[in-house]
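Spelled out from the first residue to the last, the chains are:
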Amino acid sequence: LRNEYLSEEVPSSSAFTQTVAAQTRQLAAKIQQSSITELSLESKLEKLQLLSQHFVDIKPELENSINHLKTILNEAIESFKSLHLNDEFDKSAELFENIFFFMERLEVYLNEDVVKEKKKMIEKFLSDDIEGTGSGLDIVFHKKRIDPEDEKSLQKKLTRLRDMKE
């Protein structure tokens, strides 16, 4: 079999193992350079996982790659929060979709509990932001007379809520 498929490229079993290890490192390096929107991440991870089942030395490469995915996810979530708080809702919405698509595709590798935790964290962030934006509105509405400062604050908060919705 070795002669038929690998010919002179891999003359011995130790050379074969070294070749697999080198290719695995290249694959892991490609994963390290990936972004949250990269669609080929799943197939790269599948290859690493398959190889790690047969080559014990490859398991650390898979673990490092999975840890990198978690880092990518955390950085994306922080970017999402920053964009959202800076009222860049179009960009934050796009990143929000990418984050959830990323988590859905790679949930097997990220761990279901990690994905649930991240989803709850994002949900709480959005809920707290909406609540914070709307806070103080009831006080303004209960006043007999709205002064110009209250009017500006009210208009700003309502505009922000409307922009979030869109």
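Details of the structure are given in the entry above.
Residues numbered from 1 in each chain as written. Predicted model: local features only at pLDDT ≥ 70, side-chain atom pairs only at ≥ 80, totals over all residues. Heavy atoms only, no water.

*Asks:* Even after reading the chapter, I still don't get the environment of Phe-96, so can you show me in this structure?
*Replies:* Among the structural elements, Phe-96 can be located in helix H5 (residues 89–110). Each C-alpha atom, one on Phe-96 and one on His-84, is 9.8 Å from the other, the two residues being twelve residues apart in sequence. Once residues lying within four places of it in the same chain are set aside, the contact partners of Phe-96 are Phe-80, Ile-122 and Leu-126. (Helix = DSSP H or I, 4+ residues; strand = E, 2+ residues; numbered from the N terminus. Contact = heavy atoms within 4.5 Å.)

*Asks:* Which parts of the structure should I look at to understand helix H4 (residues 59–85)?
*Replies:* Since the α-helix packs 3.6 residues into each turn, any two residues three or four apart lie on the same face. Over its 27 residues, H4 extends 39 Å from the first C-alpha to the last, a length consistent with the 39 Å expected when each residue adds 1.5 Å. Downstream of H4 by one or two residues, Asp-87 has phi in the positive range, about 60°. (Expected span 1.5 Å × (residues − 1).)

*Asks:* Sorry, what's going on with the packing of aromatic side chains here?
*Replies:* Note on aromatic pairs: each is described by the distance of the centres and the angle between the planes. For the structure shown, the criterion picks out three aromatic pairs. Taking the centre distance of 6.0 Å and the plane angle of 70° together, the rings of Phe-80 and Phe-125 count as edge-to-face. Of this pair, Phe-80 sits in helix H4 while Phe-125 sits in helix H6 (residues 112–134), and the two are 45 residues apart along the sequence. As far as burial versus exposure is concerned, Phe-80 and Phe-125 are alike and both buried. Pairing Phe-96 with Phe-100 gives two aromatic rings, centres 4.7 Å apart and planes at 45°, and the pair type is tilted. With Phe-96 and Phe-100 both in helix H5 and four residues apart, this pair spans about one turn of that helix. These aromatic residues form a ring-pair network of at least three members: Phe-80, Phe-96, Phe-100 and Phe-125. (Phe/Tyr/Trp six-rings, centres within 6.5 Å; stacked < 30°, edge-to-face > 60°. Buried < 20%, exposed > 50% of the residue type's maximum accessible area, 1.4 Å probe, protein only.)

*Asks:* What is the right way to look at the side chain of Lys-44 in this model?
*Replies:* Within the secondary structure layout, Lys-44 lies in helix H3 (residues 41–54). On the basis of relative accessible area, Lys-44 is assigned to the buried category, the value being 12%. A polar contact is formed between the side chain of Lys-44 and the side chain of Glu-38, at a distance of 3.0 Å. Non-local contacts of Lys-44, meaning those with residues more than four positions away in its chain, are made with Leu-27, Lys-30, Ile-31, Ser-34 and Glu-38. (Polar contact = N/O pair within 3.5 Å; in protein donor to acceptor, adjacent residues only side chain to side chain.)

*Asks:* How should H3 be read in this particular structure?
*Replies:* The terminal C-alpha atoms of H3 lie 21 Å apart, and with 14 residues this matches the ideal 20 Å at 1.5 Å per residue to within 8%. Where H3 is concerned, the buried positions are Leu-41, Lys-44, Leu-45, Leu-48 and Ser-52. Taken around the axis of H3, the buried residues stretch over an arc of 95°, which confines them to a single face. Structural note: H3 exposes Leu-50, Gln-53 and His-54 on the side pointing more than 90 degrees away from its buried face. (Arc of directions from axis to C-beta.)

*Asks:* Would you explain the packing of H5 against H6 in this entry?
*Replies:* When two helices pack together, their arrangement is given by the angle between the helix axes and by the axis-to-axis distance. Interhelical geometry of H5 versus H6 gives an angle of 160° and a closest axis separation of 8 Å. Considered as vectors, H5 and H6 are oriented roughly antiparallel to each other. Relative to H6, the crossing made by H5 is left-handed. Side by side, H5 and H6 meet where Phe-96, Ile-99, Phe-100, Met-103, Glu-107 and Leu-110 of the first sit next to Glu-112, Val-114, Val-115, Lys-118, Lys-119, Ile-122 and Leu-126 of the second. When grouped by side-chain class, the residues that make up the contact of H5 with H6 number nine nonpolar, no polar and four charged. (Axes fitted to C-alpha atoms, helices over the stretch in contact; angles between N-to-C directions. Parallel < 35°, antiparallel > 145°, perpendicular 65-115°, else oblique. Left-handed = near helix turned anticlockwise from the far one by under 90°. Nonpolar A, V, L, I, M, F, W, Y, C, P; charged D, E, K, R; others polar.)

*Asks:* Quick question: what am I supposed to make of the nonpolar core here?
*Replies:* In summary, soluble globular proteins display a tendency toward joint burial of nonpolar side chains. Grouped together as the largest cluster of nonpolar side chains are 28 residues, with contacts concentrated most on Leu-45, Leu-69, Ile-99, Phe-102 and Leu-106. Of all elements in the fold, only helix H2 (13–32), H3, H4, H5 and H6 reach the threshold of two or more residues within this core. Examining the composition of this core, we find that nine residues originate from one element, H4, more than from any other. (Core = buried A, V, L, I, M, F, W, Y, C linked by side-chain atoms within 4.5 Å.)

Taken by themselves, the reported measurements are silent on function.
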